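# Chain and residue survey
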Amino acid sequence: MITPGQFFSLVDTQARMALKAEASKLYLSYLWWVLEPMLFVLVFYLVFEVLLSFGRENFLLFLMCGKIPFLWFSKSITMASTSIVQNRGLMNQVDLPKTLFPYASVQEALYKQWVVFLFLFIVVVSYGFPPSWHWLSLIPLILVQYVIILSCSLIAALLVSRIADVRILITMGLMFVLFTSGIFFDVQSITNEVHRDLLLTWNPMAFIFDCYRKVLMYGQPIDMMHLGKLAFVFCALLFAAHLVYIRLSRQIAKWVTQQ
């Protein structure tokens, strides 16, 4: 029986090994941790600001405050969704908790993300938005997003291990989140209050991205009550996902060997 300490040690080790293996294959190595998300942001900036003349003040920073947290969310889930299937060989040799593999993928993405967040904070300050006491709310905000990522990643990995085609649905779902979470527009600018409230209530990522902008760009407090509700819901979902993994551990091993 593996202990929690051993489990998280394995998660950390596997994540670090994956990072080193990836960096060793690339000419720019660890620089891609920052370059990749910046190139994503630049592409969307060119489309919306240069080609479409979106015309919003500080649009590049506005875009970064939404796109960078979204990339953390999307890349974590994408990587974690196939993590169990990709480690079928190891599962055939050693009886390990199946949650180890999506956790390691999420941890790998987290190691990259802290560097990107640091770069984002530097850009925010360079735009003339100095740190304030509201920046302390970034701590619970990032923690809640991390819990959301973990719970969604465990569910995605479980579904893909059962039905491989779910990967396509996950990609489509992430695209839906991309265009409905206020990355390219300000959700607060939606004039229909009912639609705005529905979006912020039922799309957790729209609320999360809006909070990043409130803290970093506008120096405003965030709705800690709503953030607490999200934390409760997704902590419960994460706990339920762990119970499902424990109950279906043997079945998951059989599913992936049949793919």
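Figured I'd write up the structure that's included with this text. All of these numbers come straight from a predicted model, not from anything done at the bench. (Residues numbered from 1 in each chain as written. Predicted model: local features only at pLDDT ≥ 70, side-chain atom pairs only at ≥ 80, totals over all residues. Heavy atoms only, no water.)

### Remarks on the overall build of the protein
A count of helices and strands for the protein gives twelve helices and zero strands. Computed over its C-alpha atoms, the radius of gyration of the protein comes to 19 Å, within 12% of the 18 Å expected for a compact globule of 259 residues. Along the first, second and third principal axes, the C-alpha atoms of the protein reach 55 × 45 × 35 Å. Residue burial in the protein is summarised as follows: out of 259 residues, 46% are buried. For the protein, restricting intrachain contacts to residue pairs at least 6 apart in sequence, the fraction spanning at least 24 positions comes to 76%. Working note: accessible area of the protein is about 13,800 Å², and carbon and sulfur atoms make up 69% of it. Separation of charge centres in the protein, based on 18 positive and 13 negative side chains, amounts to 12 Å. (Helix = DSSP H or I, 4+ residues; strand = E, 2+ residues; numbered from the N terminus. Rg over C-alpha atoms; globule rule 2.2 N^0.38 Å. Buried < 20%, exposed > 50% of the residue type's maximum accessible area, 1.4 Å probe, protein only. Contact = heavy atoms within 4.5 Å. Areas by Shrake-Rupley, 256 points an atom, 1.4 Å probe, with all protein chains shown as cover. Lys, Arg positive; Asp, Glu negative; His and termini not counted. Charge placed at Lys NZ, Arg CZ, Asp CG, Glu CD.)

### Comments concerning unusual backbone geometry
In this structure, asparagine 58 takes a positive phi of about 55° despite not being glycine. Structurally, the position occupied by asparagine 58 is in the loop between α2 (32-51) and α3 (59-81).

### Focus on the environment of proline 97
Note that proline 97 resides in the loop between α5 (88-93) and α6 (100-126). With relative accessibility at 24%, the residue proline 97 sits in the partly exposed group. Considered as a pair, proline 97 and isoleucine 2 are 95 residues apart in the sequence and their alpha carbons are 8.3 Å apart. Excluding residues within four positions of it along the chain, proline 97 makes contact with Ile2 and Phe7.

### Describing α6
In this model α6 runs 39 Å from its N-terminal to its C-terminal C-alpha over 27 residues, within 8% of the 39 Å that 1.5 Å per residue would give. Of all the bends in α6, the largest measures some 25° and sits at lysine 112. With 20 of its 27 residues buried, α6 lies for the most part within the structure. Remark: glycine 128 follows α6 within two positions and exhibits a positive phi of approximately 95°. (Expected span 1.5 Å × (residues − 1). Bend = angle between axes of the 7 residues up to and from the residue.)

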